[in-house]
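# Topology and contacts: notes
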Amino acid sequence: MKPNQIRTIVTIIISLLLASALYNFFGPLFSKPPKDVSISEIAKDYQDGTIDKINLNNDEILATLKDGTKLKAYKEQGISLVKYGITPDKVDINVKNPDSGAFWPTFLSVILPFLLIGGFIYFMLRQAQGANVKAMSFGKSTARLAGLKNKTTFNDVAGLKEPKEELMEVVEFLKSPGKFKLIGAEIPKGVLLVGAPGVGKTLLARAVAGEAGVPFFSISASEFVEMFVGVGASRVRDMFNKAKRNAPCVIFIDELDAIGRQRGAGLGGSHDEREQTLNQILVEMDGFETDTRVIILAATNRPDVLDPALLRPGRFDRRVVLSLPDKKERVEILQIHMRNKPVEKSVDISRVASNTVGMSGADLKNVVNEAAILAARKGQKTITELNFMESVEKVTLGPERRSKVMSNEEKKIAAYHESGHAIVGKALKLDESLQKVSIISRGMALGYTWSMPNEDRYMRSQEDFENDIAQLLAGRVAEKMIFNKLTTGASNDLERATKIAKDMVQVYGMSEAIGPVVVAQRDELVFLGRELGEHKVHSEKMAALIDSEVEKVILESEKKAKNILTHDKTKLKKLAELLLKKETIEHDELEKII
Ligand code: ADP
Ligand code: MG
Ligand code: ZN
């Protein structure tokens, strides 16, 4: 019996008991109680012939008169009614068997409590046992098995041509290992999929299993480590056992960096647990026979923080890099996600794709979905190009917040701020086109200037970075030039500009004073827990030099922005005034003004 069935039964029994108790208490109150009389009165009524029937229960006489009145009397023990002149031929006399009718009361009062207590104990035991079972299964892996239901194949993955080619090898090995064994080739046990979030790592791993037609075990690395110490390692063991039983198959460990970070940092309580889990993974991977047809795929977007032990030959020695899609690939990804949606034939997918530079596969999927939602909200039957354009905007810039009310003063400042961004951007960045400038709140920003590179870019020069910084600072410069004051509106711009400047100096070696060396960034090292171990990354002198170099880059770019805006002050005013009037200015009109 299931626990909830037992619960129902117990509930029913208890309610029955309650009902009978209530009846015993209150029952007599509802029916009129019989009148207590003497036995001679009943004998007299009998003589008068007014009695309808008599119930005899031991010595209690219950007489019902013809008019319905009930009388009650007691007779002496062991003396028949006949002694009082009452015979059964004139009225009905029912003599109650003293033994019958005693069954239910006895049952209820004697057996039922036992039954209830027994049921209760049984119930408690079941519960305790359930908890036990749960405790035991903590060590079991929570890997989800997507068996043969997994129909994802390489056809569902657009672009990613090289990664697919590299993984084809793995697929072939899973399908027909003989070919490889014959020639003595060893197939990698572990393949690391590296790429930014949303480029399709999980999708590709699933497709490998689907393409080979083998089961797919997926687990997120963070699931290994839970509340209890030691669980992680035993989960790893369990997962590998499960996989070996199901070979050939694919194990997929998502977000490997959650446990695969470099050891030895010695920080935080979860650290030991992580280390044990990681060790167990290494042990299991080494313990694999080469002919075990289990392939381990793992995904991460931070390969730089992984423990070197994970990456050495025999473990995750293959690395497949997934990069953000270029324009052609974006077209393909869009097409895949448009497959089951009623998209109007006139939609120019390549135009949509050129407006989505820098988006990942996941972003593109989101674009198609948002477009469908927009179309549905407007009650359209098909999705139009306009829907796609609006959706691209929403995905890149966040939803509009028209309800946010700015005062006139604030609006004016925002208009000049955004115009500053637009004019400097237009002047410096020849490879980008301005899509839209607006002072309607969007996401976190009070206004926005949206520009889009004309082509995909793979390399950035020092000048590109300086131009980026100049454009970011231009909003602030315009505010200061026109109103001669500074506002908080520019804080996000400053943050981003500083980040770019720091990268230029510390990562890309673009500062002459420091030269072509990477000077690691402190926050990064604290994240790895390495800085504490090595005490200090660089000297105070170096730190001061970095700071001054960063400042120099920023000040120079600011000067650039200032020059442009001073030169184009009339344009700035014109654009800002128009922006105040129209709130949003689109590409074509912008081209005319600037
Ligand atoms: P990651 O694991 O790299 O963060 P996912 O594989 O989870 O990214 O991708 C999220 C979603 O984005 C996928 O489910 C898929 O729908 C879509 N997607 C990403 N890349 C592609 C691609 N190359 N082709 C088709 N769809 C893609
Ligand atoms: Mg993923
Ligand atoms: Zn700004």
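To keep things clear, this report deals only with the structure shown in the data block. The numbering scheme is per chain: residues are counted from 1 as the chain's sequence reads. The naming scheme follows written order: chains are lettered A onward, ligands numbered 1 onward. Under the rules for a predicted model, residues below a pLDDT of 70 receive no local features and side-chain atom pairs below 80 are neither given nor counted, while totals for whole chains, interfaces and linings still include all residues. The basis for every side-chain value is the complete set of heavy atoms in the structure, and neither hydrogens nor water enter the calculation.

### Things to note about the site of ligand 1
Put simply, the test is: Here, proximity means that at least one heavy atom of the residue falls within 4 Å of the molecule or strand. Whenever a nitrogen or oxygen atom comes within 3.5 Å of another N or O atom, the pair is scored as a polar contact, on the condition that within protein one atom can donate a hydrogen and the other can accept it, and that pairs from neighbouring residues in sequence are kept only if both atoms are in side chains. Accessible surface area values rest on a Shrake-Rupley calculation with a 1.4 Å probe, where residue burial reflects the displayed protein chains alone. Secondary structure elements follow DSSP: runs of H or I no shorter than four residues count as helices, runs of E no shorter than two count as strands, and numbering proceeds from the N terminus. Basically, the charged four are Asp, Glu, Lys and Arg, the nonpolar ten are Ala, Val, Leu, Ile, Met, Phe, Trp, Tyr, Cys and Pro, and anything else, Gly included, counts as polar.
Contacts to ligand 1 come from 16 residues, most closely from Ala158, Gly198, Lys201, Thr202 and Leu203. In this structure, a nitrogen atom belonging to ligand 1 sits 3.3 Å away from a main-chain N or O atom of valine 199. Protein contacts shield 83% of the accessible area of ligand 1, which totals 560 Å² for the unbound molecule. Within the residue set of the shell around ligand 1, elements represented by two or more residues are α6 (201-212), α11 (327-338) and α13 (361-377). Taken together, the residues that form the shell around ligand 1 break down as eight nonpolar, five polar and three charged.

### Focus on the packing of aromatic side chains
Two numbers describe a pair of aromatic rings. These are the distance of the centres and the angle of the planes. Our working rule: When two rings of Phe, Tyr or Trp (its six-membered ring) have centres within 6.5 Å they constitute a pair, described as stacked for plane angles under 30 degrees, edge-to-face for angles over 60, and tilted for the intermediate range. Note on exposure labels: buried denotes an accessible area under 20% of the residue type's maximum, exposed denotes more than 50%, and partly exposed covers the range between, all computed with a 1.4 Å probe on protein chains only.
Considering all chains together, one arrives at four aromatic pairs under this definition. Aromatic pair phenylalanine 173 and phenylalanine 180: ring centres 6.0 Å apart, planes at 75 degrees, arrangement edge-to-face. Owing to a relative accessible area of 15%, phenylalanine 180 belongs among the buried residues under this scheme. A ring pair is formed by phenylalanine 465 and tyrosine 508, whose centres lie 5.5 Å apart and whose planes are at 15 degrees; its orientation type is stacked.

### Thoughts on the sheet that holds strand β13 (residues 448-453)
As a general point, the strands of a sheet are linked pairwise by backbone hydrogen bonds and lie either parallel or antiparallel. How we decide: Should DSSP find at least two bridges between two strands, the strands are regarded as paired. Structural elements are reduced to axes, namely lines fitted to C-alpha atoms, with helices fitted over the stretch in contact, and the angle between N-to-C directions of any two is expressed from 0 to 180 degrees.
With antiparallel pairing, the three strands of this open sheet are ordered in space as β13-β12-β14. Pairing within the sheet leaves two strands with one partner each, and these edge strands are β13 and β14 (584-586). Ignoring which end each strand starts from, the neighbouring axes of this sheet average 20 degrees apart. In the sheet, strand β12 (residues 432-438) pairs with β13 via six bridges, with the strands oriented antiparallel. Residue pairing in the sheet places glutamate 432 in a bridge with proline 453 of β13.

### Section: the packing of α11 against α13
Inclusion rule: Under this scheme an angle from 65 to 115 degrees is roughly perpendicular, one under 35 degrees roughly parallel, and one over 145 degrees roughly antiparallel; angles in between are oblique. Crossing chirality is assigned from the near helix's rotation relative to the far helix, an anticlockwise turn below a right angle marking it left-handed and a clockwise turn marking it right-handed. Contacts are residue-level and defined by heavy atoms, with any inter-residue pair within 4.5 Å sufficient.
Where α11 contacts α13, the axes come no closer than 9 Å and their chain directions differ by 45 degrees. Judged by the angle between their axes, α11 and α13 are oblique. The handedness of the crossing between α11 and α13 comes out as right-handed. Touching Arg330, Ile333, Leu334, His337 and Met338 of α11 are Gly361, Leu364, Lys365 and Val368, all from α13. Class assignment of the residues belonging to the contact of α11 with α13 gives a composition of five nonpolar, two polar and two charged.

### A closer look at unusual backbone geometry
The backbone of glutamate 255 shows a phi angle near 50 degrees, a positive value even though the residue is not glycine. With respect to the secondary-structure elements, glutamate 255 resides in the loop between β9 (249-254) and α8 (257-260). Of note in this structure, glutamate 583 is not a glycine but carries a positive phi near 70 degrees. The topology assignment puts glutamate 583 in the loop between α21 (569-582) and β14.

Take it as geometry only, folks, not as evidence of what the structure does.
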